[in-house]
Amino acid sequence: MTEIIVEAAPSPFRFDPASTALVLIDMQRDFVEPGGFGESLGNDVSILQAVVPPLQAVLADARERRLTVIHTREGHLPDLSDCPTAKLTRGAPSMRIGDPGPKGRILIRGEYGHDIIDDLAPLPGELVVDKPGKGSFHATGLDEHLRDAGITSLIVTGVTTEVCVHTTVREANDRGYECLVLSDCVGSYFPEFQQAALAMISAQGGIFGWVAPSAAYLSALTADTTTLPA
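Residues numbered from 1 in each chain as written. Predicted model: local features only at pLDDT ≥ 70, side-chain atom pairs only at ≥ 80, totals over all residues. Heavy atoms only, no water.

**Student:** Explain the nonpolar core residue by residue, including any values.
**Tutor:** Across soluble globular proteins, you tend to see nonpolar side chains buried next to one another. Counting 42 residues, the largest nonpolar core has V6, F13, M27, L120, L180 and Y217 as its most contacted members. Examining the composition of this core, we find that 5 residues originate from one element, helix α3 (residues 52-65), more than from any other. Contacts of F13, omitting those with residues within four sequence positions, involve I4, I5, V6, A8, S153, I155, E178, C179, L180 and W210. One finds V129, F137, V156 and V181 within the second-largest nonpolar core, a separate group that totals 23 residues. (Core = buried A, V, L, I, M, F, W, Y, C linked by side-chain atoms within 4.5 Å. Buried < 20%, exposed > 50% of the residue type's maximum accessible area, 1.4 Å probe, protein only. Helix = DSSP H or I, 4+ residues; strand = E, 2+ residues; numbered from the N terminus. Contact = heavy atoms within 4.5 Å.)

**Student:** Got a sec to walk through the sheet that holds strand β10 (residues 210-212)? Specific residues and values, please.
**Tutor:** Taken in spatial order, the 6 strands line up as β7-β4-β3-β8-β9-β10 in an open sheet, and their pairing is parallel. Each of the sheet's edge strands pairs with one partner strand only, and the pair in question is β7 (127-131) and β10. Going from strand to strand, the sheet's axes swing by 25° on average, the running direction of each strand aside. Sheet topology note: the strand β3 (residues 20-25)/strand β8 (residues 153-159) ladder contains 6 bridges and is parallel. Each bridged residue has a counterpart across the sheet, and for V23 the counterpart in β8 is V156. Sitting on the sheet, helix α8 (residues 214-222) is in contact with β8, β9 (178-187) and β10, with an inclination near 125° to β9. (Pairing = 2+ DSSP bridges. Axes fitted to C-alpha atoms, helices over the stretch in contact; angles between N-to-C directions.)

**Student:** An account of α8 is requested, with residue identities and associated values reported.
**Tutor:** For α8, every residue scored as buried is listed here: S214, Y217, L218, A220 and L221. Along the long axis of α8, the arc covered by the buried residues comes to 160°, so they all point the same way. Exposed and oriented more than 90 degrees from the buried face of α8 are A215 and T222. Against β1 (4-6), β2 (13-15), α3, β8, β9 and β10 lie the buried residues of α8. (Arc of directions from axis to C-beta.)

**Student:** Quick rundown of the pattern of salt bridges? Include the residues and the values.
**Tutor:** All told, the structure shown has 11 salt bridges when counted by the stated rule. K131 is the partner of D26 in a salt bridge, and the nearest nitrogen-oxygen pair spans 2.8 Å. Remark: K131 occurs in strand β7 and D26 occurs in the loop between β3 and α1 (29-32); sequence separation between them is 105 residues. Judged by its relative accessible area of 0%, K131 falls in the buried class. The partner of R147 in a salt bridge is D143, and the shortest N-O contact between them spans 3.1 Å. Here D143 and R147 lie together in helix α5 (residues 142-148), a separation of 4 residues that amounts to about one turn. (Salt bridge = Lys/Arg side-chain N within 4 Å of Asp/Glu carboxyl O.)

Put into structure tokens, the structure is as follows:
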């Protein structure tokens, strides 16, 4: 066992790379790029662009060290049979889930906008979890995959911090996973939500996780020269 210690809030986060997965949540064109679902709701998607460079560095490091890498995509079946009415009716008319958009039907699996941005595109062999909800565990096989792989800790990144990231970390905590959220590798359309969401994760002694900047995480890894076997 190799123990890596990251300076984090509210206390040092300890993990073994062999039992840790990097999770990239919903870095999709529909959320991050202009013309997608996020912009249709009136959001300034340029705010999320700041997440991409630090996340690229974290992803490159994980691949070099052969850590488990998992991507998620929020989206629905073409017939919308897995999309509840309460979700389907959100947003401006003609710019809702399933409606035609500049990047194809909004948040529909297989459409251009549903896919992950080019800068963070999955490599062959990296798990891509398609989820119909906010959380990465709901109606997916993620929990089974993690347990089969012996994963006990998650390095969590992606968008948006207060919605899909928060939901996933809460779900993970309930299932017994230890989560470190990288503060500059998660993003929100609303700066005040970003600040509050990160504070909530590490509050009360780390009520459902730890928070650290990616520089602290990468620095801790650099101090260790272990590379997992292929």
